Structure formats: structure tokens, C-alpha cells
Amino acid sequence: MALLPILSFPDPRLRTIAKPVDHVTDEIRQLVADMFETMYAAPGIGLAATQVDRHIQLVVMDLSEEKDDPLVFINPKITPLTEETQPYEEGCLSVPQIYDKVERPSRVKIQALNLEGQAFEVEADGLLAVCVQHEIDHLNGKLFVDYLSPLKRQRAREKVEKLVKQRQKEKVASKR
């Protein structure tokens, strides 16, 4: 397994539309393992392949406290099951240290493939519904900051750019 670099906002690669997965191969399974390792190390609860510069429709999640309930969604599609929306405070590994409320449908149906390439369907609400919508947005080139006002989005961009520069300086200093 390997830790993968996570792209940071405003990297234009985060705007790439992901392509469907044709076949679940050993290469896909290895990417899933690497994405879980990366997500747990970050630490986060969800990660889309787009965030690690792989532009395929693949999402991994683990919403458990113990980090023992890994979920994999290949070629995920969501259908809102209600017009009712709910605000939820979201964060993102690609937009570090930024959190804000986003309104999303409170119940959704998720259709996807699992690691064996078999289709499955699940209805979700709460954190799972929010998280899967957030990650599928990544596959469509959209970030949670796109739901914010232009001013909040610009402030987020500036804060993340400053944080990324600081991390790069720390890396350089640690190599000396």
C-alpha cells in the first residue's frame, strides 16, 4: 500500500470529470487500498479518486469511529428520495481547515458497484447521505466550497494556498 498525495484547492485537476470504471481489476483494488490508507492517514472519512489525481468514478469512505467499516462505491449514482434538504457542516481533505454548512437532500438512494464488480443499492440519510453526495460532487469536478458565497470561497482559497505554501516550506526545511 502507498500514501497518495491529495490535491488541494484550487488545483485545476480537482475540476476534472471522472470517467466510469469499465472493469474492476486488481489495479482498481490496489488503488482502493491505497486510497483507504491515504484517507485514514489524512485523517478523513471519505475520499474520491479525483482527489488523488485518478479521474475515475471511485469513492472510498469509512464513517465508523473505529475505522473498521470501509465502504467502496464504484460508478456511484445518487437519486434524492426527498425534496427536504438539511444543512450539514462539511470539510474536505482537498480544502484543509475549512468548514462550512452546505444544504443537501436529506435522504438519497445510492447505486454503485462493489469491489467484486457487483451492483448494489442502498438508501441513506444523515452522515452517509451527506458524505456520498460530497464525494460524488468530486467525481463531477465540484467542491463543497462551490456552494458557498463568492467571498467565503475566496477566503477559503487564500487560506488553503497559504497553508500549502507553509507545508512546502516545512518539507524543504526538514530535508536540510
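Residues numbered from 1 in each chain as written. Predicted model: local features only at pLDDT ≥ 70, side-chain atom pairs only at ≥ 80, totals over all residues. Heavy atoms only, no water.

**Considering the sheet that holds strand E6 (residues 107-113)**
Inference 1: The strand order across the open sheet formed by five strands is E1-E2-E3-E6-E7, and the pairing between neighbours is antiparallel. Looking along the sheet, the strands with just one partner apiece sit at the ends: strand E1 (46-48) and strand E7 (119-125). Neighbour-to-neighbour, the strand axes of the sheet open up by a mean angle of 40°, direction not taken into account.
Inference 2: In this structure, E1 lies alongside strand E2 (residues 58-61), joined through three bridges in antiparallel fashion. In the strand pairing of E2, Ala-48 is matched with Val-59.
Inference 3: Most of the contacts of helix H1 (residues 26-41) go to E2, to which it runs at about 40°, and overall it touches E1, E2 and strand E3 (71-80).
Inference 4: Helix-sheet contacts for helix H2 (residues 126-139) involve E1, E2, E3, E6 and E7, and the interaxial angle to E3 is about 100°. (Pairing = 2+ DSSP bridges. Helix = DSSP H or I, 4+ residues; strand = E, 2+ residues; numbered from the N terminus. Axes fitted to C-alpha atoms, helices over the stretch in contact; angles between N-to-C directions. Contact = heavy atoms within 4.5 Å.)

**Side note on the pairing of E7**
On a regular strand, each side chain points to the face opposite its neighbour's, so the side chains alternate between the two faces of the sheet.
Inference 1: Examined bridge by bridge, E6 and E7 share seven bridges and lie antiparallel to one another. The residue bridging Gln-111 from the neighbouring strand is Glu-121, located in E7.
Inference 2: The hairpin turn running from E6 into E7, its antiparallel successor, is five residues long, and Gly-117 in that turn takes a positive phi close to 85°.

None of this, on its own, says anything about what the molecule does.
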